[in-house]
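# Examination of the molecular architecture
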Amino acid sequence: MSDVTATPGNRRVFVDKQSPKAYHALVQTSEAVRATAADAGLDRVLVELINLRVSQLNGCAYCLDVHTRAALRAGESTQRLGVLAAWRDTEVFTPRERAALALAEATTDPANAAVQEAAYGAAPEVFGDDEISAVIWVAITINAFNRVSILSKHPVRRAPGTSASGR
């Protein structure tokens with residue numbers, strides 16, 4: 001029996017539930033990447049900023065919902081979350097965060113050689129090799145989860161106790 005979601009004219013398989021062994025391997029990869037990021041000295045807020053920026057670029061509503069809540073739990077501010085999509089146009093992100101966001105964007109759009117070269121050129125100014133590797137692995141992993149959720153059409157449900165306006 002398969003797990004599917006359906007809207008008129010649009011049937012989707014929940015690939016995570018349909019192929020649990022493959023999904024479990026992705027979860028194990030994510031756990032290893034989380035440990036790699038911690039070992040490299042990346043704090044949880046920075047990891048969640050990467051997760052959110054990649055999910056914004058990919059348009060993954062489900063991952064945006066999950067990682068917005070995770071970022072808030074980790075101590076991120078609503079102001080910074082609100083301007084994350086325009087991070088280059090603000091002064092609220094540190095040089096390390098800016099370098100990580102640039103690397104995350106380059107990882108998400110690897111065909112853009114100019115973006116990749118600029119991101120890699122700036123990263124060693126604020127990161128060591130272990131940190132650069134960890135940032136890229138975080139971006140690779142959230143990209144994979146984005147694809148699982150987007151192609152499965154994982155639903156975002158209203159939080160308990162909120163109205164349609166979010167209050």
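Now for a look at the structure at hand. (Residues numbered from 1 in each chain as written. Predicted model: local features only at pLDDT ≥ 70, side-chain atom pairs only at ≥ 80, totals over all residues. Heavy atoms only, no water.)

Here we come to the packing of helix H3 (residues 44–58) against helix H8 (residues 129–152). Relative to each other, H3 and H8 sit at 45 degrees, their axes nearing to 9 Å. In this view, H3 runs oblique relative to H8, as classed from their interaxial angle. The two elements H3 and H8 meet at a crossing, and its hand is right-handed. Contacts between H3 and H8 pair Val47, Ile50, Asn51, Val54, Ser55 and Asn58 from the former with Val135, Val138, Ala139, Ile142, Asn143, Asn146, Arg147 and Ile150 from the latter. Along the lines of polarity and charge, the residues of the contact of H3 with H8 split into eight nonpolar, five polar and one charged. (Axes fitted to C-alpha atoms, helices over the stretch in contact; angles between N-to-C directions. Helix = DSSP H or I, 4+ residues; strand = E, 2+ residues; numbered from the N terminus. Parallel < 35°, antiparallel > 145°, perpendicular 65-115°, else oblique. Left-handed = near helix turned anticlockwise from the far one by under 90°. Contact = heavy atoms within 4.5 Å. Nonpolar A, V, L, I, M, F, W, Y, C, P; charged D, E, K, R; others polar.)

With that settled, consider the pattern of salt bridges. Inspection of every chain in the model, using the stated rule, returns eight salt bridges. The partner of Arg80 in a salt bridge is Glu97, and the shortest N-O contact between them spans 2.7 Å. Of this pair, Arg80 sits in helix H5 (residues 78–83) while Glu97 sits in helix H6 (residues 95–108); the two residues are 17 residues apart in sequence, bridging distant segments of the chain. As far as burial versus exposure is concerned, Arg80 and Glu97 are alike and both buried. Note that Glu105 and Arg88 form a salt bridge whose closest N and O atoms lie 2.7 Å from each other. With a gap of 17 residues between them, Glu105 in helix H6 and Arg88 in the loop between H5 and H6 connect regions that are remote in the sequence. Arg88 gets classed as partly exposed once you look at its relative accessible area, which sits at 45%. What emerges from the salt-bridge pattern is a single network uniting Arg53, Arg88 and Glu105. (Salt bridge = Lys/Arg side-chain N within 4 Å of Asp/Glu carboxyl O. Buried < 20%, exposed > 50% of the residue type's maximum accessible area, 1.4 Å probe, protein only.)

Here we come to the packing of aromatic side chains. Overall, the coordinates contain one aromatic pair when judged by the stated rule. Plain terms: the ring middles of Tyr23 and Phe145 are 6.0 Å apart, the flat faces sit at 85 degrees to each other, and that makes the pair edge-to-face. With Tyr23 in helix H2 (residues 20–40) and Phe145 in helix H8, this residue pair connects regions lying 122 residues apart in the sequence. (Phe/Tyr/Trp six-rings, centres within 6.5 Å; stacked < 30°, edge-to-face > 60°.)

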